[in-house]
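Tertiary structure, described
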Amino acid sequence: MTDQPTVTVDGHAIPLLGFGTWNLAPDDARRMVREALRVGYRHIDTAWIYHNEAAVGAGIRDAIEAGIVAREDVWLTTKIWVVNFHRDALLKQAEESAASLGTTPDLLLLHWPKADPSFEETLGALNAAKDRGLTKAIGLSNFPSADWKRAQAASEATLVTNQVEYHPYLKLKSLLETAQALGSSITAWSPLAQGKVADDATLIEIGRAHGKTAAQVTLRWLIQQGVIAIPRTSKESRAAESFDIFDFALSGEEMDRIHALARPDGRLGDWLDDAFQWDQEW
């Protein structure tokens, strides 16, 4: 297994740098998952709603058959979509996802919070999926702090991560504090702010001091916080670039300069149900 930093939650060592597959067509997902594993990634993220679970599983098998990686060295995450939050539907989707992937996922997340059905029913079903061996660990995605705490109170098992949008233009102080309080973690989707970091003067300047790109600086900033990052690309060269972040470190002053880039209008993707509200950071 490639030597890289991990965060350990509830006994699970999760690689801090993963490869995301949102919006990748099946052919691209299969190709890029294999390539990501060849480069050295050991954490792959997908979701039922991405319609590429089968391709992601095929990409992992391609890498295994090529002798690139062993299945036990890959951390694989998928997500339950909101229309499947009732108990029977959730368990059925968990079974379908494992079948599509061709392997049991290591982590199963609730993709967005939903008020109906109740947290008790949905978290009970998610725990049942874990108890039935349909995943090793469970967690959340896109849950504000108050709802994360409610979800954990309704869950027998530790919710090992909350996957949310996070990049230099978005303040996440409350969620980071909640993760620490609950003994959990944060996973950052859109860690490169959909490519916007590439043209940021501050990130470019910091990168020059280390011989790195703005994107590499951003990913390093995330993992130095203990935040899991899952950049996504359809280009082999970009995947290699994003992985090349383990040979330098940012100073405290550089970390603070990047934190200072956050702004009230920094959120790029907001599909939160009206029943919920993001943490007020400003």
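Below is a summary of the structure that appears in this document. Since this is a predicted model, take the numbers as computed values, not measurements.

Considering the environment of valine 160
- As for its placement among the helices and strands, valine 160 is situated in strand β8 (residues 159–165).
- By relative accessible area, which is 1% here, valine 160 ends up buried.
- Along the primary structure valine 160 and glycine 139 are separated by 21 residues, whereas in three dimensions their C-alpha atoms are 5.2 Å apart.
- Not counting residues within four places of it along the chain, the set of residues in contact with valine 160 comprises Val9, Asp10, His12, Ile14, Leu107, Ala137, Ile138, Gly139, Ser184 and Ser185.

Details of helix α8 (residues 214–224)
- Where burial is concerned, most of α8 is hidden: 10 out of the 11 residues are buried.
- Taken together, the buried positions of α8 are occupied by Ala214, Ala215, Gln216, Val217, Thr218, Leu219, Arg220, Trp221, Leu222 and Ile223.
- Next to the buried residues of α8 lie β9 (186–189), α7 (201–210), β10 (228–229), α9 (236–243) and α10 (252–259).
- Count one or two residues on from α8 and you reach glycine 226, which has phi positive near 80°.

Some remarks on the pairing of β9
- Residue alternation in β9 divides its side chains into two sets, Ile186 and Ala188 and Thr187 and Trp189, and both sets are buried.
- Note that β8 and β9 share 4 bridges and pair parallel. Along β9, the bridge assignment pairs asparagine 162 with isoleucine 186.
- Handedness of the crossover joining β8 and β9 through helix α6 (residues 173–182): right-handed.
- Bridging between β9 and β10 involves 2 bridges; their strand directions are parallel. From the neighbouring strand, alanine 188 faces β10, where its bridge partner is alanine 229.

The rules behind the values
Residues numbered from 1 in each chain as written. Predicted model: local features only at pLDDT ≥ 70, side-chain atom pairs only at ≥ 80, totals over all residues. Heavy atoms only, no water. Helix = DSSP H or I, 4+ residues; strand = E, 2+ residues; numbered from the N terminus. Buried < 20%, exposed > 50% of the residue type's maximum accessible area, 1.4 Å probe, protein only. Contact = heavy atoms within 4.5 Å. Pairing = 2+ DSSP bridges. Right-handed = clockwise from strand over helix to strand, strands pointing away.

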